[in-house]
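Each chain, written out:
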Amino acid sequence: MSDDTKNELKNLSRRHFLRNTSVAGVAGATLAGGFGSAAALLQSQKARAASESGEVAIAPGELDEYYGFWSGGHSGEVRILGVPSMRELMRIPVFNVDSATGWGITNESKHILGDSAKFLNGDAHHPHVSMTDGRYDGKYLFINDKANTRVARIRLDIMKTDKITTIPNVQAIHGLRLQKVPHTKYVFANAEYFIPHPNDGQNMADLENHYTMFNAIDAESMDVAWQVIVDGNLDNTDADYTGRFVASTCYNSEKAADLAGTMREERDWAVVFDVEAIEKAVEAGDYKTIGDSKVPVVDGRHGSKLTRYIPVPKNPHGLNTSPDGKYFIANGKLSPTCSIIAIDKLPDLFADKIEPRDTVVGEPELGLGPLHTTFDGRGNAYTTLFIDSQVAKWNIEDAIKSYNGEDVNYLRQKIDVHYQPGHNHASLTESRDADGKWLVVLSKFSKDRFLPVGPLRPENDQLIDISGEEMKLVHDGPTYAEPHDCILLRADQVNPSKLWDRNDPFFAVTRERAEKDGIELTADNKVIRDGNKVRVYMTSVAPQFNLTEFKVKQGDEVTVTVTNLDQIEDLTHGFCMVNHGVSMEISPQQTASVTFTADKPGVHWYYCNWFCHAMHMEMTGRMLVEPA
Ligand code: K7E
Ligand code: CUA
Ligand code: CA
């Protein structure tokens, strides 16, 4: 154990005073983001030295060992990073509008966005990759939108969003995790806020009768399979390795609508869902529906056979399943502890043979503001301490022994991070393959770590080497607002396409329209008039559009469809109609289309906006609009 860690352990008693003082004090510390101590400064200098040694450099031209998928928070997107280099490889627009690819602008993306295309914002928190038998299968990535109550799916072969579902009857999807075993049949999604039902302006003050729901979405169809009414609210969630249980944290068991009220009780709870029992209830028709929605709704409030409520302290946040499948860990947030729930005791709990708290087999004290825990597959857990600006490494079995009265030290090390970490995530940690090599810590504040860039600062994603006994900070990675979470997969677990398949369902709507118009997308360059609707079909081969001029009338609704015939990898074209808010990507062998109104008479140039050739600037054409 390092001296720093020893000092830290001594200092724990000093930290105790905060635990039992007013909660307002803790919340105040949270808001102020206090971090500085001489020891902390020393450790941060050591960390800088480690990163300067350049041990983990990935040389130019070398490929990373891991894919990392980052949620983009309220930017609404997903980002792909290479790990350990932390190089940003690509962005996947999801709940945002993207000028480069035309997401939210093209017909194909609007079709996927559906009714929710009217929203231009999103808040993407939790990216998770589909699994088969507890291992990442590299097929899909799912992500929630807290802002507009949606769940999206990204196909990892093309790295594009292919389905978006708005969850009915609830507000703000926050926690999201996947069924791990036998495979990802369900996406589990927590709706955070309780609301009245129906939410029609009646009963707005009657908080007692408001409720929220836990949601299961069919991972293939992306339809909502069922919803479960719960007491309190719902924060984060995770599933077990048997396929039967899912647990969610609740920080507002008080059912309060004000900050102080949510902190009134010393314990809230983790609610455990019995997926098998819920499926049986739905099959047996033991459910109701709400309003126009056809989704089966079952009641999981206290007294239900479908759930159990396990009291844990205090305003708990993250809920993480250990990769050995043994434990759910509820992170205490306003308590300096994590609660270890033994999953093998849950069948007895549901059979009413034991009490809810009997399932808690350890409650290690880690430091101030535990938010999320991740695992190295060697029995150690890594918990972010938001208020302390640290990650605590601790041993799960030793924490259980300590809880049972044995004199063992479960804390292995604490490392300063910069600053105020939210999530942390170890390589392959949510699967049986957790390999304990890299830990990404997603810090909410960067403060002095980078050149100042105005009042708005980047976040700081730090990379920590956890392969040895000691955690070593090796990299600072500034990121744009606001990465919430990430997931790391081995490069061989993802298999992206290099060219589009001409039959890809991503542009099936456009293919169908072309067929109706008698158009061969890979051959024809034609203009089809249908009343005041004009459909322009063209192909492109670098550095040309094969239609360099078309005529329409002022007021026409124009749909331009471009098919990129290039078969060379990495040769993407774009289509931008000047002064019309039109921009899109057409990657090799892709078809993309966009619809706009030709509302201005005259000459309007269009051009390719993805650099494709030495003559890229010359890849242009003109729309001639005759006055009405
Ligand atoms: Cu902790 Cu949305 Cu995962 Cu933020 S949640 S930190
Ligand atoms: Cu085609 Cu630039
Ligand atoms: Ca509470």
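Before reading on, note that the structure itself is shown above.
Calculation notes
Residues numbered from 1 in each chain as written. Chains lettered and ligands numbered in written order. Predicted model: local features only at pLDDT ≥ 70, side-chain atom pairs only at ≥ 80, totals over all residues. Heavy atoms only, no water. Core = buried A, V, L, I, M, F, W, Y, C linked by side-chain atoms within 4.5 Å. Buried < 20%, exposed > 50% of the residue type's maximum accessible area, 1.4 Å probe, protein only. Helix = DSSP H or I, 4+ residues; strand = E, 2+ residues; numbered from the N terminus. Contact = heavy atoms within 4.5 Å. Pairing = 2+ DSSP bridges. Arc of directions from axis to C-beta. Polar contact = N/O pair within 3.5 Å; in protein donor to acceptor, adjacent residues only side chain to side chain. Axes fitted to C-alpha atoms, helices over the stretch in contact; angles between N-to-C directions. Phe/Tyr/Trp six-rings, centres within 6.5 Å; stacked < 30°, edge-to-face > 60°.

**Focus on the nonpolar core**
In step 1: Grouped together as the largest cluster of nonpolar side chains are 41 residues, with contacts concentrated most on Phe 69, Trp 70 and Leu 141.
In step 2: Of all the secondary-structure elements, those providing two or more residues to this core are β1 (66–71), β2 (78–83), α4 (107–113), β4 (128–132), β5 (135–145), β6 (150–155), β26 (438–443) and β29 (486–490).
In step 3: Those residues within four positions of Phe 69 in sequence are excluded, and the remaining contacts are Val 78, Arg 79, Ile 80, Pro 127, Leu 141, Leu 156, Met 159, Asp 485, Cys 486, Ile 487 and Leu 489.
In step 4: Formed by 28 residues, the second largest nonpolar core is a distinct cluster that contains Met 538, Phe 596, Ala 598 and Val 625.

**Examining the pairing of strand β11 (residues 224–230)**
The two faces of the sheet receive side chains in turn, since in a regular strand these alternate between them.
In step 1: Counting buried positions along β11 yields 6 of 7 residues, so the element is predominantly enclosed.
In step 2: The pairing of strand β10 (residues 212–218) with β11 spans 6 bridges and is antiparallel. Among the inter-strand pairings, Ile 217 is bridged to a residue of β11, identified as Val 224.
In step 3: Looking at chain direction, β11 and strand β15 (residues 297–299) are connected through 3 bridges and run parallel. Each residue of the ladder has a partner; that of Ile 229, found in β15, is Asp 299.

**Concerning helix α6 (residues 275–283)**
In step 1: Looking only at α6, the buried set comprises Val 275, Ile 278, Ala 281 and Val 282. Looking down the long axis of α6, one finds its buried residues gathered within 120 degrees of arc, a one-sided arrangement. Turned more than 90 degrees off the buried face of α6, the exposed positions are Lys 280 and Glu 283.
In step 2: Buried residues belonging to α6 abut β9 (186–193), β11, β13 (245–250), β14 (267–274) and β15.
In step 3: At the N-terminal end of α6, a side-chain oxygen is found 3.2 Å from the backbone nitrogen of Glu 276, two or three residues along, and the residue is Asp 274.
In step 4: Following α6 by one or two positions, Gly 285 has its phi on the positive side, about 75 degrees.

**Side note on the side chain of Thr 374**
In step 1: Tracing the backbone shows Thr 374 in strand β21 (residues 370–375).
In step 2: Within the structure, Thr 374 has its side chain in polar contact with the backbone nitrogen of Ala 426 (distance 2.9 Å).

**A word on the sheet that holds β29**
In step 1: Strand order in the open sheet formed by 4 strands is β3-β2-β1-β29, and the pairing between neighbours is antiparallel. The open sheet has two edge strands, β3 (87–92) and β29, and neither has a second partner. Adjacent strand axes in the sheet meet at a mean angle of 25 degrees when their direction is disregarded.
In step 2: In the sheet, β2 pairs with β3 via 5 bridges, with the strands oriented antiparallel.

**Focus on the side chain of Asp 556**
In step 1: The topology assignment puts Asp 556 in the loop between β33 (549–553) and β34 (557–564).
In step 2: Given a relative accessible area of 4%, Asp 556 falls into the buried group.
In step 3: In terms of polar contacts, Asp 556 uses its side chain to reach the side chain of Arg 529, at 2.6 Å.
In step 4: Those residues in contact with Asp 556 that lie beyond four places of it in its chain are Arg 529, Asn 532, Val 534, Phe 596, Thr 597 and Ala 598.

**Quick look at the sheet that holds strand β20 (residues 360–362)**
In step 1: Strand order in this open sheet of 4 strands is β17-β18-β19-β20, and the pairing throughout is antiparallel. On the outer flanks of this sheet lie β17 (319–321) and β20, each paired with one strand and no other. Adjacent strand axes in the sheet meet at a mean angle of 35 degrees, parallel and antiparallel pairs treated alike.
In step 2: Looking at chain direction, strand β18 (residues 327–331) and strand β19 (residues 338–342) are connected through 5 bridges and run antiparallel. Counterpart to Ile 329 in the pairing with β19 is Ile 340.
In step 3: Sitting on the sheet, helix α8 (residues 396–403) is in contact with β18, β19 and β20, with an inclination near 100 degrees to β20.

**Digging into the environment of Lys 447**
In step 1: The topology assignment puts Lys 447 in the loop between β26 and β27 (459–465).
In step 2: When the C-alpha positions of Lys 447 and Arg 529 are compared, they lie 58 Å apart, and in sequence the two are 82 residues distant.

**A word on the packing of aromatic side chains**
Any two aromatic rings considered together are summarised by their centre-to-centre distance and by the angle between their planes.
In step 1: Using the criterion set out here, one finds 15 aromatic pairs in the structure.
In step 2: Aromatic pair Phe 188 and Phe 214: ring centres 5.7 Å apart, planes at 15 degrees, arrangement stacked. Of this pair, Phe 188 sits in strand β9 while Phe 214 sits in strand β10, and the two are 26 residues apart along the sequence.
In step 3: Among the residues examined, Phe 188 registers a relative accessible area of 0% and is labelled buried.
In step 4: Residue Phe 214 is classed as buried on the basis of its relative accessible area, which comes to 0%.
In step 5: Summarising the aromatic geometry, the rings of Phe 214 and Phe 273 are spaced 3.8 Å apart at their centres and angled 10 degrees between planes, so their arrangement reads as stacked.

**Let's talk about the environment of Ser 593**
In step 1: Summarising the element assignment, Ser 593 is placed in strand β37 (residues 591–597).
In step 2: Residue classification places Ser 593 among the buried residues on the basis of a relative accessible area of 0%.
In step 3: Placed 339 residues apart in sequence, Ser 593 and Glu 254 show a C-alpha to C-alpha distance of 50 Å.
In step 4: Residues within four places of Ser 593 in sequence aside, it is in contact with Thr 106, Asn 107, Glu 108, Thr 510, Arg 513, Thr 559, Val 560, Thr 561 and Met 584.
In step 5: At 3.3 Å, the side chain of Ser 593 and the side chain of Arg 513 are in polar contact.

Everything listed here is a matter of geometry and, on its own, says nothing about what the molecule does.
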